[in-house]
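Here are the chains, one letter per residue:
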Amino acid sequence: MSTTVPVQVTVNGQARNVQVEPRQLLVHLLRDQLGLTGTHVGCDTSNCGACTVHVDGQSCKSCTVLAVQVDGAEITTIEGLGQEGNLHPLQEAFWNNHGLQCGYCTPGMIMAAADLLQRNPDPSEDEVRHGLEGNLCRCTGYHNIVKSVLDAAGKLNVTQVGA
Amino acid sequence: MIPAAFDYTVPGSLDEAIDALRDGGEDAKLLAGGHSLVPLMKLRLAAPTLLVDLRRVPGLHGIERQNGSWRIGAMTRHAELQDRHDDLGVVAHAAAGIADQQVRNRGTIGGSLAHGDSASDLPTILLTLEGTVTAMGPDGAREIAAADLFQDYLTTSLDPLEIITEVRMPAMDGWGHGYQKFTRRAEDWAMVGVAAVVRKNDDGTVAEARIGLTNMGSTPLRATAAEEALVGQPLTAEAIAAAAGHAADGTNPPADRNASEDYKRHLACVLTGRALREAAGLA
Ligand SMILES: Cc1cc2nc3c(=O)[nH]c(=O)nc-3n(C[C@H](O)[C@H](O)[C@H](O)COP(=O)(O)OP(=O)(O)OC[C@H]3O[C@@H](n4cnc5c(N)ncnc54)[C@H](O)[C@@H]3O)c2cc1C
Ligand code: FES
Ligand code: FES
């Protein structure tokens with residue numbers, strides 16, 4: 001039962017062909033096989049959201065998805081959202097607003113926030129707090145995280161209006 | 001933490017899926033969104049030998065209106081229900097309160113109903129709306145009413161070789177609705193949840209009321225005493241308060257580390273009041 005099966009995925013725009021055991025979790029495929037260690041594991045019980053990535057444009061907890069389930073899908077991780085020198089407005093906003101302390105929760109927070117802003121481009125503070133309920137932070141008390149997301153929402157909306 | 005080893009197959013049709021289940025034996029399991037099953041497998045509380053993934057089976061997706069009811073494909077995700085707050089009423093309302101967005105983006109209605117957890121939200125909605133599921137098995141399809149589906153803790157009347165293909169819920173046009181879920185932390189399952197739907201007569205009195213309870217027993221339950229107390233009454237705060245006092249009548253809720261039996265009974269009454277006020281537009 002430990003034979004591997006082929007999985008084809010597009011990760012951050014790049015086609016990848018890998019062999020995985022059916023029990024391999026998506027987060028381990030990303031971290032251990034593809035070397036994308038920006039996606040973190042904080043709990044293993046599907047609660048903390050540190051492992052949040054996008055599958056076909058929607059956020060999910062990659063510790064609760066089997067790699068075989070995403071065969072044929074497009075995955076975006078924090079590494080694919082923006083790059084050094086060309087950060088995504090959310091990454092920029094977390095930096096500018098001190099939206100992190102230790103940084104462990106940050107990749108998951110940002111990926112969850114990206115889904116939130118795509119569902120609701122102009123959220124209220126309350127909507128941001130609710131929208132991030134699947135992500136835990138042990139350091140910040142959330143205040144600056146919420147501030148960062150609201151800041152990014154404002155900047156993204158200005159960009160869109162200007163575009 | 002990773003699951004014990006298993007085989008995996010992705011059938012392209014319902015018949016193939018049923019065959020795979022049969023060939024896989026008693027430890028073969030269907031996989032939908034995986035958001036009940038995979039956490040159990042990671043904890044090794046479940047160790048299926050074969051997973052039959054439904055994601056490529058055609059015809060299991062989508063939300064359509066047919067003859068006064070909604071037909072919802074079994075593989076429809078919670079997020080798709082959540083987004084239909086303009087027309088799916090209490091179904092969308094309850095779906096929006098499940099866990100968090102990441103879970104709602106993966107979990108499916110068919111998986112939630114088949115899992116049959118009385119702490120989950122959609123089983124209560126199905127029971128309250130008196131909906132049905134269609135199950136396809138080796139001998140064809142049958143329709144199972146909500147009241148017959150949920151049998152006990154995590155136990156349904158589905159045969160091991162049956163697959164839920166679709167869910168039907170009456171559209172409840174003209175009914176008011178509310179869903180109230182009490183949790184200790186965001187993202188938790190309901191400590192207690194209450195669904196209420198109410199239809200009024202022309203004179204404003206209650207023609208019909210249905211109240212469903214989440215996590216108040218081994219299956220979702222109906223609060224029949226509270227329902228009966230409302231019928232014929234005007235939908236006022238006073239009448240609602242009087243009826244809500246009966247919400248826990250006859251229930252025997254399981255105590256857990258968050259709530260004693262008495263506390264759950266108390267919550268059921270308080271939340272029934274809130275859900276009814278929401279349904280009446282008094283909230
Ligand atoms: C952190 C977290 C919090 C959660 N909180 C809540 C909550 O507050 N409220 C709530 O309601 N739920 C909650 N859930 C559960 C979530 O809604 C699940 O997605 C859902 O219960 C199961 O759906 P699934 O598609 O993921 O099913 P799966 O996990 O894939 O399957 C569940 C079971 O159903 C069987 N099955 C699946 N599809 C079918 C089918 N079509 N026919 C027959 N059998 C089938 C499987 O074999 C398995 O036994 C939570 C989950 C997590 C991880
Ligand atoms: S590691 Fe996935 S939710 Fe915590
Ligand atoms: S910044 Fe440390 S966990 Fe969030």
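All figures in this text were calculated on a predicted structure; none of them were measured in a lab.

1. So, the site of ligand 1
Item 1. In the neighbourhood of ligand 1, 31 residues make up the surrounding shell, with Leu30, Gly34, His35, Leu37 and Thr108 of chain B lying closest.
Item 2. Mapping the residues adjacent to ligand 1 onto the chains of the assembly identifies chains A and B.
Item 3. Within the contact set of ligand 1, an oxygen atom lies 2.6 Å away from a backbone nitrogen or oxygen of Leu30 of chain B.
Item 4. The separation between an oxygen atom of ligand 1 and a polar side-chain atom of Ser36 of chain B is 2.9 Å.
Item 5. Here ligand 1, which alone exposes 980 Å², has 96% of that area covered by the protein.
Item 6. When contributions to the shell around ligand 1 are tallied by element, the ones reaching two or more residues are β2 (28-31), α6 (109-115) and β10 (163-170) of chain B.

2. Considering the side chain of Glu166 of chain B
All names here are of chain B.
Item 1. Its location among the elements puts Glu166 in strand β10.
Item 2. Of the residues examined, Glu166 reaches a relative accessible area of 14% and is grouped as buried.
Item 3. Engagement of the side chain of Glu166 in a polar contact is seen with the side chain of Arg71, the distance being 2.8 Å.
Item 4. When neighbours within four sequence positions are excluded, Glu166 is seen to be in contact with Arg71, Ile72, Gly73, Ala74, Thr132, Val133 and Thr134.

3. Here's the deal with the sheet that holds strand β3 (residues 50-53) of chain B
Adjacent strands of a sheet form backbone hydrogen bonds with each other and so pair up, either parallel or antiparallel.
Residue and element names in this part refer to chain B.
Item 1. Taken in spatial order, the three strands of this open sheet run β1-β3-β2, and their pairing is parallel. Either end of the sheet is taken by a strand with one partner, and the two such strands are β1 (7-9) and β2. Strand-to-strand twist across the sheet, computed as the mean angle between neighbouring axes with direction ignored, equals 25°.
Item 2. In the sheet, β1 pairs with β3 via three bridges, with the strands oriented parallel. Residue pairing in the sheet places Thr9 in a bridge with Val52 of β3.
Item 3. Of the strands in this sheet, β1, β2 and β3 are in contact with helix α1 (residues 14-24), which crosses β3 at around 175°.

4. Comments concerning the domain arrangement of chain A
All names here are of chain A.
Item 1. Taken as a whole, chain A is organised into domain 1 (5-81) and domain 2 (89-162).
Item 2. On a C-alpha basis, the centroid separation for the pair domain 1 and domain 2 is 21 Å.
Item 3. A combined buried area of about 1,300 Å² lies between domain 1 and domain 2, and 57% of that area is made up of carbon and sulfur atoms.
Item 4. A per-residue breakdown of the area domain 1 buries against domain 2 is headed by His40, Ile78 and Leu81, which together make up 35% of the total.
Item 5. Where domain 1 touches domain 2, the interface holds zero salt bridges.
Item 6. Sorting the residues of the side of domain 1 that touches domain 2 by element identifies β3 (52-55), β4 (58-61) and α2 (78-81) as the ones contributing at least two each.
Item 7. The class makeup of the residues in the side of domain 1 that touches domain 2 is six nonpolar, 12 polar and one charged.

5. Brief notes about the nonpolar core
Item 1. Within the largest apolar cluster, 37 residues are counted, with the highest numbers of intra-cluster contacts made by Leu81, Leu113, Ile125, Leu126, Val167 and Met169 of chain B.
Item 2. At the level of secondary structure, the elements contributing two or more residues to this core comprise β5 (69-73), α4 (90-96), α6, α7 (121-128), β6 (132-137), α8 (146-149), β10 and β12 (192-200) of chain B.
Item 3. By residue number, the principal contributor to this core is α4 of chain B, which donates five residues.
Item 4. Looking at which domains feed residues into this core, each of domain 2 (63-170) and domain 3 (176-279) of chain B gives three or more.
Item 5. Dropping the residues within four chain positions of it, Ile125 of chain B is found in contact with Val90, Val91, Ala94, Met169, Tyr179 and Ala195 of chain B.
Item 6. In terms of nonpolar packing, the next biggest core, distinct from the first, is built from 32 residues, Val27, Leu29, Val53 and Cys60 of chain A among them.

6. Concerning helix α1 (residues 26-33) of chain A
All names here are of chain A.
Item 1. Every buried residue of α1 is accounted for by Leu26, Val27, His28, Leu29 and Leu30.
Item 2. Lining the buried residues of α1 we find β1 (5-11), β2 (14-20), β3 and β5 (74-76).
Item 3. Just downstream of α1 lies Gly35, where phi reads positive at about 70°.

7. Here's the deal with the pattern of salt bridges
Residues and elements named next belong to chain B.
Item 1. Taken as a whole, this structure holds 27 salt bridges over all chains when the rule is applied.
Item 2. A salt bridge links Arg210 to Glu208; its shortest N-O distance comes to 3.4 Å.
Item 3. The class of Glu208 is partly exposed, set by a relative accessible area of 26%.
Item 4. Within this structure, Glu130, Arg199, Glu208, Arg210, Arg222 and Glu227 form a network of salt bridges that share partners.

8. Brief notes about the layout of surface pockets
Rolled over the atoms, a probe sized like a water molecule indicates the empty space that remains.
Item 1. Quantified by volume, the second largest pocket comes out at close to 760 Å³.
Item 2. As for the second largest pocket, its lining consists of 26 residues, of which His130 and Glu133 of chain A together with Gln82, Ala96 and Arg104 of chain B are closest to the centre.
Item 3. Sorting the residues of the lining of the second largest pocket by element identifies α4 (106-119) and α5 (125-131) of chain A together with α4, α5 (101-104) and β11 (176-182) of chain B as the ones contributing at least two each.
Item 4. By residue class, the composition of the lining of the second largest pocket is seven nonpolar, 10 polar and nine charged.

9. Section: the interface of chain B and chain A
Item 1. Each partner contributes residues to the interface: chain B has 34 residues there, and chain A has 29 residues.
Item 2. Here chain B meets chain A over a buried area of about 2,800 Å², counting both sides, of which 52% is carbon and sulfur.
Item 3. Ranking the residues of chain B by area buried against chain A places Gln102, Arg106 and Glu187 of chain B at the top, with a combined share of 22%.
Item 4. Inspection of the region where chain B meets chain A yields six salt bridges.
Item 5. Asp44 of chain A serves as the salt-bridge partner of Lys42 of chain B, at 3.6 Å between the closest nitrogen and oxygen.
Item 6. If you look at where chain B meets chain A, you find 14 residue pairs in polar contact (both at pLDDT 80 or more).
Item 7. Mapped by element, the contributors of at least two residues to the side of chain B that touches chain A are β1, α2 (37-42), β3, α3 (78-82) and α5 of chain B.
Item 8. Partitioning the side of chain B that touches chain A into residue classes produces 15 nonpolar, eight polar and 11 charged.

Conventions used here
- One numbering rule holds for all chains: residues counted from 1, following each sequence as written.
- Each chain gets a letter, beginning with A, and each ligand a number, beginning with 1, in the order they are written.
- With pLDDT at 70 or above as the cut-off, local features in this predicted model cover only qualifying residues; side-chain atom pairs require 80 or more to be listed or tallied, and sums for whole chains, interfaces and linings still use all residues.
- To get the side-chain values, all heavy atoms of the structure are used, and hydrogens and water are removed first.
- To be near a molecule or strand, a residue needs just one of its heavy atoms within 4 Å of it.
- Polar contact is the term for a pair of N or O atoms within 3.5 Å; when the atoms are in protein, one must be able to donate a hydrogen and the other to accept it, and sequence-neighboring residues count only if both atoms are side-chain atoms.
- In this description, accessible areas are obtained by the Shrake-Rupley approach with a 1.4 Å probe, and a residue is regarded as covered only by the protein chains that are shown.
- In this description a helix means any DSSP run of H or I spanning at least four residues, a strand means any run of E spanning at least two, and both kinds are numbered starting from the N terminus.
- Note on exposure labels: buried denotes an accessible area under 20% of the residue type's maximum, exposed denotes more than 50%, and partly exposed covers the range between, all computed with a 1.4 Å probe on protein chains only.
- Any two residues whose heavy atoms approach within 4.5 Å at even a single point are treated as in contact.
- Here the rule is simple: two strands pair whenever DSSP picks up at least two bridges between them.
- The axes are straight lines fitted to the C-alpha atoms, using for helices just the contacting stretch, and the angles between their N-to-C directions are given from 0 to 180°.
- Domain boundaries shown here were taken from an automatic or database domain assignment.
- We define buried area as the total accessible area lost by two parts upon association, computed with a 1.4 Å probe and summed across both.
- Whenever a carboxyl oxygen of Asp or Glu lies within 4 Å of a side-chain nitrogen of Lys or Arg, that contact is scored as a salt bridge.
- Think of it as three bins: nonpolar holds Ala, Val, Leu, Ile, Met, Phe, Trp, Tyr, Cys and Pro, charged holds Asp, Glu, Lys and Arg, and polar takes everything else, Gly as well.
- We define a nonpolar core as any set of buried Ala, Val, Leu, Ile, Met, Phe, Trp, Tyr and Cys residues linked to one another through side-chain atoms lying within 4.5 Å.
- With a 1 Å grid laid over protein atoms only, a set of points is called a cavity when a 1.4 Å probe fits there but cannot get out and a pocket when it is open yet has protein on both sides within 12 Å along at least five of seven lines; lining residues have an atom within 4 Å of a point.
- Grid points are joined across faces, edges and corners, and a volume is the space filled by probe spheres set on the points.

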